[in-house]
Amino acid sequence: MKTCAELTIQQLHHALQSGDVSAVEIASATLDNIEQSDPTLNAYTHVTRDRMLSEAAKVDSLRASGGTLPPLAGVPYAVKNLLDVTGQVTLAGASLNSTNPVAKQDAWTVSRLASQGALLSGMLNMDAYAYGFTTENSHYGVTRNPRDTSRIAGGSSGGSAAAVAAGLVHFTLGSDTNGSIRVPSSLSGILGLKPTFGRISRSGSQPFVASLDHLGPMARCAADLSQVYDAMQGTDPQDAFQADKPTTETFSRLTHGQQGLRTAVLGGYFSTWCDDDAKDAVKLVAKALEAQEEIEMPQAELARSAAFLITASEGGNQYLPLLRSIPQQFEPLSRERLLAGAMIPAAWYVQAQRFRHQFQQQILPLFDHWDILIAPSTPCSATLIGQETIRINGTDLPTRASMGMLTQPISFLGLPVVSVPLQTASGLPIGLQLIAPPWREDLCLRAAWALEQQGLVKVLTSPVMK
Amino acid sequence: MSETKKNTASTNWAAYIAQMESVLALELDDARRQELLAQFSRIAQMAQPLMDLPLDPRLEIAGVYRA
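Keep in mind the model is a prediction, meaning the values are calculated, not measured.

### Describing the overall build of chain B
Then, in step 1: Across its full length, chain B holds three helices and zero strands.
Then, in step 2: Written out in order from the N terminus, the α and β elements of chain B read α-α-α.

In structure tokens, the structure reads:
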């Protein structure tokens, strides 16, 4: 018999509705599992025990009174510690934020999930300032990969990936500026959705790079990802970067699967800068989705450079006052990188922003012919904690900067992407990006669902005990 | 060799960083200046091909997608 942690959100909903399990029982089991696993994983920076039990009691009261349970009722989740949670300090992975006042209200996304009955278990570890791809945090420790605890979980939403992979919660929220949902999803072997830029409200989240920051869910199956994504859509007048787009429900469309989807593989830059495991995974998925061609995304490398410049400049400016006043409190792995970014000439930054527009104009016509583009999410599988370089295409590359080299051009475009995990010959997972046109999250979720139906994508939990 | 490439290669980034240290009112020691120079030189290398790229004079910065 499956435990609650192994059920999908929809199955859990049925179990709750039928009285097989109570929300308080789900919350208590979740909190026990976190207590058992987190000393090894280090996925959580804070466990919101009282809030979770209180939210669970409300769900049980609603059920007892005969009320209709909302879709996410009783579903355990956790959020990257850059989203505001009422009464808690938002750290953004940085000890210099630890003395900030507590949040007066939940982030917009967290309040949406709370209103849908989801149970918040806590806040999750990340790279400091969300500037990194490994979650090796000098102040809050490294987050370990549940698939192999000697390896990194990826970053910057490393705690978010590890908590899902270990089966502690059904879903988590992460943020993705240059790949921070897709990279840890790839390395920890789960699914992650980076929606279209401007789709999900960012109100109540600690900004890093306003021009590139996205929020999105991470989960173990396409259906769970879709339900959470649907729950987080909606108009937030407070978010100036949110586009004026109507909500597009995705859950009911999943079963359309790959029917009618025109799929191509991204070659060139994306097939050059990855190892054989990634190439094999691309071949399998291309076959399963009946990809018809390999196509190029010209200037992808230049897009990566431009994304890097925008990130460095906006991220550096964000932290400049504190770099001046309390440099000793910064993460040593990124302090001078941030400061260098704060010194970038304006001409470089504006050129990168204008090139972004040109790159969009050049790439969008590809979607006249294709609905889904396939590319690896990371150049390779998870590296050992502390490993400084990865060898790709005969070149030694710095691990911390290079794990995101295949995701950066895509978030620079702002396109929606689901990263799906495949098992490699080594036993470690690697993620593939299923990239869709703007506002068509439904297409990449359908492709992910189709791969699950074929048995190519199947995420099991990797429980970790102390 | 393009103009920008020549400029980037020949630029004295240590002097630029010293200027910016003053403009931004920072207090750095030699070890930090050294690391900053390494980081900045890497960024400059990435910027160079982008700055070499001709852009349409009417091209504005990107916003969010509307269509």
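### Digging into the interface of chain B and chain A
Then, in step 1: The interface is formed by 25 residues belonging to chain B together with 33 residues belonging to chain A.
Then, in step 2: Listing elements by their share of the side of chain B that touches chain A, those giving two or more residues are helix 2 (13–23) and helix 3 (30–51) of chain B.
Then, in step 3: Sorting elements by how many residues they give to the side of chain B that touches chain A places helix 3 of chain B first, with eleven residues.
Then, in step 4: Of the residues contributing to the side of chain B that touches chain A, the split by class is 20 nonpolar, one polar and four charged.

### Notes on unusual backbone geometry
Then, in step 1: Residues Gly-155 of chain A and Ser-156 of chain A are joined by a peptide bond in cis, for which omega reads 10°.
Then, in step 2: When you line up the elements, Ser-156 of chain A lands in the loop between strand 7 (148–152) and helix 5 (158–165).
Then, in step 3: Residue Ala-25 of chain B is not a glycine yet carries a positive backbone phi of 55°.
Then, in step 4: Relative to the elements of secondary structure, Ala-25 of chain B occurs in the loop between helix 2 and helix 3.
Then, in step 5: The class of Ala-25 of chain B is exposed, set by 8 C-beta atoms lying within 10 Å.

### Details of helix 3 (residues 49–64) of chain A
Residues and elements named next belong to chain A.
Then, in step 1: Compared with the 22 Å implied by 1.5 Å per residue over 16 residues, the 23 Å span of helix 3 between its first and last C-alpha is a close match.
Then, in step 2: Regarding helix 3, the residues found buried are Met-52, Glu-55, Ala-56 and Val-59. An end-on view of helix 3 places all buried positions within 100° of arc, on one side of the element. With respect to the buried face of helix 3, the exposed residues turned more than 90 degrees away are Asp-50, Ser-61 and Ala-64.
Then, in step 3: Residues of helix 3 that are buried sit in contact with helix 2 (23–41), helix 4 (108–115) and strand 3 (119–124).
Then, in step 4: Phi for Gly-66, located one or two positions after helix 3, is positive at around 85°.

### Comments concerning the sheet that holds strand 1 (residues 44–47) of chain A
Residues and elements named next belong to chain A.
Then, in step 1: Read from one edge to the other, the open sheet built from eleven strands follows the order 1-3-2-8-10-9-16-17-13-11-12, with strand pairing classed as mixed. The sheet terminates laterally at strand 1 and strand 12 (293–295), the two strands that pair on one side only. Taken pair by pair, the neighbouring strands of this sheet meet at an average axis angle of 30°, ignoring direction.
Then, in step 2: Bridging between strand 1 and strand 3 involves three bridges; their strand directions are antiparallel. By the bridge assignment for strand 3, Val-47 is matched with Gly-122.
Then, in step 3: Against the sheet, helix 15 (residues 441–453) contacts strand 9 (191–194), strand 13 (372–376), strand 16 (417–423) and strand 17 (429–435), and its axis sits at roughly 15° relative to strand 16.

Analysis parameters
Residues numbered from 1 in each chain as written. Chains lettered and ligands numbered in written order. Predicted model: local features only at pLDDT ≥ 70, side-chain atom pairs only at ≥ 80, totals over all residues. Helix = DSSP H or I, 4+ residues; strand = E, 2+ residues; numbered from the N terminus. Contact = placed C-beta atoms within 7 Å. Nonpolar A, V, L, I, M, F, W, Y, C, P; charged D, E, K, R; others polar. Buried ≥ 20, exposed ≤ 12 C-beta atoms within 10 Å, placed from the backbone. Expected span 1.5 Å × (residues − 1). Arc of directions from axis to C-beta. Pairing = 2+ DSSP bridges. Axes fitted to C-alpha atoms, helices over the stretch in contact; angles between N-to-C directions.

It is worth stressing that arrangement in space is one thing and function is another; only the former is reported here.
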